[in-house]
Amino acid sequence: RLFQQRVDQRRRGSLLVAPAVSVNEFKTGLTIEMDRAPWKVVEFLHVKPGKGAAFVRAKLKNVITGNTLEKTFRAGEKVELANMEKSTKQFTYMDGEQYV
């Protein structure tokens, strides 16, 4: 719901700007866009060292290739949410070379 509100806030005419989310708001399963590819947050850890600035260490999985990556973000850094649509499909039978 929070992310839907951000999408609604960022609409400008017919152009939809990708909403940004702070890394402090990471949740497992959240999908972000980084380096023009969608990445899913597998794990994350917010670290507050006794000395220095806080940071977020995240384990990310590329949705397309399946590669995993560990990345460290500065606390408060903004990243774009990936614009993805999920749907369940069911094919009932094959007609020639096509599923129907």
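Our subject is the structure that appears above.
Residues numbered from 1 in each chain as written. Predicted model: local features only at pLDDT ≥ 70, side-chain atom pairs only at ≥ 80, totals over all residues. Heavy atoms only, no water.

Chemist: Kindly report on the nonpolar core, identifying the contributing residues and their values.
Modeler: Phe26, Leu30, Ile32, Leu60, Phe73 and Val79 are the most contacted members of the largest nonpolar core, which has 15 residues in total. Listing elements by their share of this core, those giving two or more residues are β4 (31-34), β5 (37-47), β6 (55-62) and β8 (78-81). With sequence-adjacent residues up to four places away left out, Phe73 is seen in contact with Val23, Phe26, Met34, Phe55, Val56, Ala58, Leu60 and Val79. (Core = buried A, V, L, I, M, F, W, Y, C linked by side-chain atoms within 4.5 Å. Buried < 20%, exposed > 50% of the residue type's maximum accessible area, 1.4 Å probe, protein only. Helix = DSSP H or I, 4+ residues; strand = E, 2+ residues; numbered from the N terminus. Contact = heavy atoms within 4.5 Å.)

Chemist: Quick one: what's the story with the side chain of Thr31, residue by residue and with numbers?
Modeler: The residue Thr31 is located in strand β4 in this model. A relative accessible area of 10% means that Thr31 is categorised as buried.

Chemist: Would you mind going over a nonpolar patch on the surface in detail, with residue names and values included?
Modeler: Taken together, the side chains of Val63, Ile64 and Met84 make up a nonpolar region of the molecular surface, amounting to roughly 280 Å² of accessible area. Along the chain, Val63 falls in the loop between β6 and β7 (68-74). (Patch = residues over 30% accessible without salt bridge, like charges linked within 9 Å, V, L, I, M, F, W, Y side chains within 5 Å. Areas by Shrake-Rupley, 256 points an atom, 1.4 Å probe, with all protein chains shown as cover. Salt bridge = Lys/Arg side-chain N within 4 Å of Asp/Glu carboxyl O.)

Chemist: Outline the pairing of β4, listing residues and values.
Modeler: Bridge count between β4 and β5: 4 bridges; the pairing is antiparallel. Residue pairing across strands places Glu33 opposite Pro38, the latter belonging to β5. Hairpin connection, β4 to β5: the antiparallel pair is bridged by 2 residues, and Asp35 has positive phi, about 55°. Summarising the sheet, β4 and β8 pair through 2 bridges and their orientation is antiparallel. Following the sheet pairing, Glu33 is matched in β8 by Glu80. (Pairing = 2+ DSSP bridges.)

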